Amino acid sequence: MAEDRSSSTTHADKAGLTSGDDWAGVGPDGNNIGGRKPSPADVAVAKLGSPVYTSCCPTGTLEFLRKRENKNEEKKGGVGEEEEIFEGCCSAVLATLRALTIRMSTHPPKFLILSGSLRADSDSRKVAVEAGRILASYGATVKLFDPKDLPLFSADVKDPNSIPKVKELRALTRWAEGMVWVSPEVHGNFSAVFKNQVDWMPLTEGALRPTQGKTLAVLQVNAGSQSFNTVNNLRVLGRWMRMVCIPNQSSIPKAYNEFNEDGSLKDSSLRNRVVDVVEELFKYTLLLRDQQPYLLARYGEKRAMQERHLKQTKSMASGAVLRSLVKPIILDVRSEKEVAAEKGGKKLAGSINVPLNVDGNPQSVHRTTAEEFRAKLREAGVALSQLSKEETAFIAHCTKGNTDYIGRGARAAALLRDMGFVSSYNGGSADEIRTALAS
């Protein structure tokens, strides 16, 4: 029989912080909040409208969906399908939720636990062990790193992996899907022993970011009264390492009183909080681990990539480069009127006409997005999902080659590179390509 809690109240209830009639009356659009009128900033948002520099969904949404959909189709023995995944296919909310829920792995979550003391009877190590036991009881795979024999961090070390303990720590960092950090408070902060471990964790290793997007729980032990200096600073450190720090945390005052003879935590509200923290970490890790590539897709990095690709394709590719391509797909991105007028040359045999401009608007008025170009390619019969991104070559052209501005051929080639087709080149015009290939 379910417990009747209708008459129970909490401190939050008494403080008026929990939902009541006043809160329940607030509409989903934020109306009915004490007769609130739109602020000047609300009016400005409505007046300015959607930014022209963002697309239909948060960065990476459509790419992540397409990648997942194609994998699902391949597992079924079919070919990746793109028909339902394009800009404007659904609302940003629905597309984002679909991207976040398309896959949930069932393998045991993997956790690395760090403690911040070398003392033989270390309280932080005991709490780390307790956290490991709890996680393992839920089926997780747990590794507790021993900081003993880890040297002091030095940037002068040319090959960190030549040091066994550093190599071990870095391998565990890459392996883990989530972490637990436990440190004693020393002079109002986490210990040097703890910080030394994080110092040996690189933010980047080549193209890898070993800690980015991984979940993190922070706990501290105190020799005296309860403090939150260490867990607060661990959060700052975790954020610097680009980790997802869960909301809950634990601080154990006079920790030396809280352990049984075997080193386990005594039954108390402090142990209950440790369980709360560890369980929350377990749940957040299962929820987020498969979504890291999507959640970590960055608008700024995508824009930088696009600018780099435009710089690479602004100039016409040399004749030698074009002749070296194996069975390239030639895309004529001129308008139908330009093709008919043979502006830039007569249409190349076997080329595919895919006008780059959307609704006839020049690029100075509306810059075609990758998703818009993908849709145009699909309509023209170019099924990108069936082509190898490494082996397929594209030559895009418009009416002329090298210009002071970024021509449509250059932009089309850059968009294809944005989509992962690395062998995409600006051919200039139809006549220039004809001459280059005939040489």
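Look up a bit, the structure's there.
Residues numbered from 1 in each chain as written. Predicted model: local features only at pLDDT ≥ 70, side-chain atom pairs only at ≥ 80, totals over all residues. Heavy atoms only, no water.

## Some thoughts on the side chain of Ser423
Logical step 1: Summarising the element assignment, Ser423 is placed in strand 11 (residues 423-429).
Logical step 2: If we skip the residues at most four places from it in the chain, Ser423 touches Glu390, Thr392, Ala393 and Phe394. (Helix = DSSP H or I, 4+ residues; strand = E, 2+ residues; numbered from the N terminus. Contact = heavy atoms within 4.5 Å.)

## A closer look at the layout of surface pockets
Logical step 1: In this structure, the second largest pocket spans a volume of roughly 780 Å³.
Logical step 2: Those elements that provide at least two residues to the lining of the second largest pocket are helix 4 (61-75), helix 12 (299-313), helix 15 (370-379) and helix 16 (408-418).
Logical step 3: Take the lining of the second largest pocket: its biggest share by element is six residues, from helix 12. (1 Å grid on protein atoms, 1.4 Å probe; cavity = no way out; pocket = protein on both sides within 12 Å on 5 of 7 lines; lining within 4 Å. Points joined across faces, edges and corners; volume = space filled by probe spheres on them.)

## Topic: the environment of Pro362
Logical step 1: Mapped onto the fold, Pro362 is located in the loop between strand 9 (352-353) and helix 15.
Logical step 2: On the accessibility criterion, Pro362 (38% relative accessible area) is partly exposed.
Logical step 3: As a C-alpha pair, Pro362 and Arg408 span 46 residues in sequence and 9.3 Å in three-dimensional space. (Buried < 20%, exposed > 50% of the residue type's maximum accessible area, 1.4 Å probe, protein only.)

## A look at the sheet that holds strand 9
Logical step 1: Pairing in this open sheet of four strands is parallel, and the strands run 9-8-10-11 from one edge to the other. Pairing within the sheet leaves two strands with one partner each, and these edge strands are strand 9 and strand 11.
Logical step 2: Inspection of the sheet shows strand 8 (residues 329-332) paired to strand 9 by two bridges, in the parallel sense. Paired with Leu331 across the bridge in strand 9 is Ile352.
Logical step 3: The sheet strands contacting helix 17 (residues 430-438) are strand 8, strand 10 (393-398) and strand 11, and the helix crosses strand 11 at an angle near 110 degrees. (Pairing = 2+ DSSP bridges. Axes fitted to C-alpha atoms, helices over the stretch in contact; angles between N-to-C directions.)

## Details of unusual backbone geometry
With glycine set apart, most residues show a phi of negative sign, and most peptide bonds adopt trans.
Logical step 1: Its identity is not glycine, yet His187 carries a phi of approximately 50 degrees, on the positive side.
Logical step 2: Note on His187: relative accessible area 85%, which makes it exposed.
Logical step 3: Residues other than glycine seldom take positive phi values, yet Glu342 does so here, at roughly 55 degrees.
Logical step 4: Among the structural elements, Glu342 can be located in the loop between helix 14 (336-340) and strand 9.

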